[in-house]
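# Structural description and commentary
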Amino acid sequence: MIPMKFGCHVSIKAGYLAAAKHAESIQASAFQYFPKNPRSLSLKNYDPEDAY
């Protein structure tokens, strides 16, 4: 039997680094976020310091 894997979408409201830290805190080996709401035309401001 192959084990089922579950994932989650992670909010970037607090920034990209915070999203990665949140994923790590719930022991995720991967996470997904959407930089743009598909229902809007605006993108979240990008902070280069947050993406190191």
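Higher on the page you've got the structure.
Rules used throughout
Residues numbered from 1 in each chain as written. Predicted model: local features only at pLDDT ≥ 70, side-chain atom pairs only at ≥ 80, totals over all residues. Heavy atoms only, no water. Helix = DSSP H or I, 4+ residues; strand = E, 2+ residues; numbered from the N terminus. Buried < 20%, exposed > 50% of the residue type's maximum accessible area, 1.4 Å probe, protein only. Contact = heavy atoms within 4.5 Å. Areas by Shrake-Rupley, 256 points an atom, 1.4 Å probe, with all protein chains shown as cover. Core = buried A, V, L, I, M, F, W, Y, C linked by side-chain atoms within 4.5 Å.

Here the focus is the overall build of the protein chain. Helices and strands together make up the secondary structure of the protein chain, namely 1 helix and 0 strands. Counting all 52 residues of the protein chain, 13% fall into the buried class. Contacts in the protein chain between residues far apart in sequence, at least 24 positions, make up 30% of those at least 6 positions apart. Summing over all exposed atoms, the protein chain offers an accessible surface of approximately 5,000 Å²; the carbon and sulfur share of this is 58%.

Attention shifts here to the nonpolar core. One finds Val10, Ile12, Tyr16, Ala19 and Ala23 forming the largest nonpolar core, which totals 5 residues. Among residues more than four places away in sequence, those in contact with Ala19 are Val10, Ser11, Ile12 and Phe31.

In this section: unusual backbone geometry. Even without being glycine, Gln27 reaches a positive phi, approximately 60°. Here Gln27 is to be found in the segment after α1 (16-25).

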